[in-house]
Amino acid sequence: METTVVDTVIKNGKIVTPYQVVEAGIAVDNGKIVNIAKSPSLPKAEKTIDAEGKLLLPGVIDAHPHIFDPDYTYREDFATGTTAAAAGGITTIIDMPLRKPVFSSLIREKIRVGEKNSLIDFSFHSGMMANENITEIPAVVKLGVKSFKVFTCAPFKVEDETLVKVMKTVAKYSGVLVVHAESEDVVYEGTNKLKEQGRKDPMAYVESRPDAAEHKAVNKVITLAKQFDIHIHIAHMTTRQGVELLDRAKASRQKVTAETCPHYLIFTKNDIKKLGPYLKMTPPLRSKNDVLFLWQGLKLGIIDIVATDHAPGTREEKEVGWKDIWRAPGGIPGVETLLPLMISEGVNRGLISLQDLCRMLCERPAKIFHLYPRKGVLQLGSDADIVIIDPEKKTVISADKLHYKVGWTPYEGMKLKGYPILTMVRGKVIASHGEIGERPGHGKFIEMMS
Ligand SMILES: [Zn+2]
């Protein structure tokens, strides 16, 4: 009788699922998971990795990083951004457009650049949606991208009439509409008032975009979407009011999901006094009370996922904001610290369980963005995207040890316990104890399925 020898076996692990933590190992062949069992029942393998009782999590999916490739690569490119992501346990990113619209021709270009330079798998959101590019939707869907981004505020604000048209069309193609939800009226008024007063300090930026901006926009979007069978995903939600609106919409069975980001779970607006322009991001930081509501919303599943909104600016770009906060770009680096922060600040503090962690970083993003069950789950036939986490490993965050091109992190000096020590993408070890194993180009474009 012939015995099959698979590529790799990871033995002695504790597999984390959204429902339980089970002691088992995983066999991998041709980039796929082919067996999950306790050690004696696992097949023979060319290579065996002993997890030594540590945690095995499906590779993390970051549904909201801005990689800036092929534009603005002085801030981050596919190679640097995905190296940082891999070292932090992320195995798939869904790159978000930021400074310019992304439709079929640019998606094709991004796929080309990504397949050459990305270490991990990737997909894209299309956008920004506007009246003149609704006709682009079918071509984008044909490429395997079913997520579209729209803004309710500058710099890509759409009128309600257009928003309705976009909703109808995206619904027709069973896509998901990602909304940057801040009310233009509220933000415009707030910003003008503070500028007229001559305010240029970092806190002026926070004050210019109050909670009411999010409340008004989320409320409007949910109300408009009610008329159509459209899946709306609220990007980077930050407030108690947002959580309450989402709770109500979900209770009435509306197809709406939401995300928040690590920085809204860790910092409050007072931190901008110390870190100034380095904590300028959109939407801005909120109060301690909002932070508590966001954690609770996550625990209860009202907020579905945590994504990074990774959008680094250089130190030089940020520094000008000390004198004039309006002139500094918004955004912070975040892909490498997403998982470690959620373990340390969430799981270790008892705010979420390991099962919750798996749900919000792996299963839900895969399901929301049509990548499930190829991604986001450890089961037979899924891609072998696996992270080994050492729950006892202690680290102090230091930009010197991270892989960002910009060389800074707002979490500098934070003490962590629990860290990813191995990242595997489709059966290949991409990062091990911070060392990068594969060359750029291992990453593949992953189509969103129907
Ligand atoms: Zn963003």
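All figures in this text were calculated on a predicted structure; none of them were measured in a lab.

1. Some thoughts on the pattern of salt bridges
At step 1: A complete count under the given rule lists 28 salt bridges for this structure.
At step 2: For Glu363, the salt bridge is made with Lys367, and the minimal N-O distance between the two is 3.4 Å. Linking Glu363 with Lys367, this pair stays in helix H14 (residues 354-368), spanning four residues, or about one helical turn.
At step 3: Given a relative accessible area of 7%, Glu363 falls into the buried group.

2. Section: the packing of helix H13 (residues 338-347) against H14
Packed helix pairs are specified by the crossing angle of their axes together with the interaxial distance, meaning the distance between the axes.
At step 1: Contact geometry for H13 and H14: axes closest at 11 Å, N-to-C directions at 145°. Pair H13 / H14 crosses with right-handed handedness. Here Leu338, Leu339, Met342, Ile343 and Val347 of H13 come into contact with H14, specifically with Leu354, Leu357, Met360 and Leu361.
At step 2: Here the contact of H13 with H14 is built from residues that sort into nine nonpolar, no polar and no charged.

3. With respect to empty space enclosed by the protein
At step 1: All chains considered together, the criterion is met by one cavity of 30 Å³ or more.
At step 2: Taken together, 13 residues make up the lining of the largest cavity; nearest its centre are Phe68, Asp71, Leu98, Arg99 and Lys110.

4. Some thoughts on the layout of surface pockets
The gaps of empty space that remain are located by a probe, the size of a water molecule, rolled over the atoms.
At step 1: In this structure, the largest pocket occupies an estimated 690 Å³ of space.
At step 2: Elements with a minimum of two residues in the lining of the largest pocket: strand S9 (147-151) and helix H5 (184-196).
At step 3: Looking at the lining of the largest pocket element by element, the count peaks at five residues for H5.
At step 4: In terms of residue class, the lining of the largest pocket is built from 14 nonpolar, ten polar and seven charged.
At step 5: Taken as a whole, the second largest pocket spans an internal volume of roughly 240 Å³.
At step 6: Looking at the second largest pocket, it is lined by 15 residues, and the ones nearest its centre are Glu336, Thr395, Lys401, Leu402 and Tyr419.
At step 7: Secondary structure elements with two or more residues in the lining of the second largest pocket: strand S14 (386-396) and strand S15 (415-425).

5. Some points on the coordination of the zinc ion
At step 1: In the first shell of the zinc ion, the protein supplies His64 (NE2), His66 (NE2) and Asp309 (OD), at 2.0 to 2.1 Å from the metal.
At step 2: Each donor residue of the zinc ion lies on the same chain, and together they follow the pattern H-x1-H-x242-D. Taken together, the positions of His64 in the loop between strand S6 (60-62) and helix H1 (78-87) and Asp309 in the loop between strand S13 (305-306) and helix H12 (315-319) put the pair 245 residues apart, joining distant regions of the chain.
At step 3: Residue class for Asp309 comes out buried when judged on its relative accessible area of 10%.

6. Topic: the packing of aromatic side chains
Geometrically, a pair of aromatic rings is defined through the distance of the ring centres and the angle of the planes.
At step 1: Here the structure, examined in full by the defined rule, presents nine aromatic pairs.
At step 2: Consider the rings of Phe267 and Tyr411, whose centres lie 5.2 Å apart with planes at 15°: the pair is stacked. Of the two residues, Phe267 sits in the loop between helix H9 (262-266) and helix H10 (271-275) while Tyr411 sits in the loop between S14 and S15, which places them 144 residues apart along the sequence.
At step 3: The class for Phe267 is buried, based on a relative accessible area of 8%.
At step 4: An aromatic cluster is defined as three or more aromatic residues linked by ring pairs; in this entry it consists of Phe78, Phe122, Phe124 and Phe445.
At step 5: Lying across the ring of Phe68, Arg75 places its NZ or CZ 5.3 Å from the centre.
At step 6: Taking NZ or CZ as reference, Lys367 lies 4.6 Å from the ring centre of Tyr372, over its face.

7. So, the sheet that holds strand S7 (residues 90-95)
At step 1: Pairing within the open sheet is parallel, and its three strands lie in the order S6-S7-S8. Every other strand in the sheet has two partners, leaving S6 and strand S8 (121-124) as the edge strands with one partner each. For this sheet the average axis-to-axis angle between neighbouring strands, irrespective of direction, equals 20°.
At step 2: Here S6 pairs with S7 via three bridges, running parallel. By the bridge assignment, Val60 is partnered in S7 with Ile90.

Cut-offs used in this document
- Residues numbered from 1 in each chain as written.
- Predicted model: local features only at pLDDT ≥ 70, side-chain atom pairs only at ≥ 80, totals over all residues.
- Heavy atoms only, no water.
- Salt bridge = Lys/Arg side-chain N within 4 Å of Asp/Glu carboxyl O.
- Helix = DSSP H or I, 4+ residues; strand = E, 2+ residues; numbered from the N terminus.
- Buried < 20%, exposed > 50% of the residue type's maximum accessible area, 1.4 Å probe, protein only.
- Axes fitted to C-alpha atoms, helices over the stretch in contact; angles between N-to-C directions.
- Left-handed = near helix turned anticlockwise from the far one by under 90°.
- Contact = heavy atoms within 4.5 Å.
- Nonpolar A, V, L, I, M, F, W, Y, C, P; charged D, E, K, R; others polar.
- 1 Å grid on protein atoms, 1.4 Å probe; cavity = no way out; pocket = protein on both sides within 12 Å on 5 of 7 lines; lining within 4 Å.
- Points joined across faces, edges and corners; volume = space filled by probe spheres on them.
- Donors = N, O, S within 2.8 Å, 3.2 Å for Na, K, Ca; no water.
- Phe/Tyr/Trp six-rings, centres within 6.5 Å; stacked < 30°, edge-to-face > 60°.
- Lys NZ or Arg CZ within 6 Å of the ring centre and 35° of its normal.
- Pairing = 2+ DSSP bridges.

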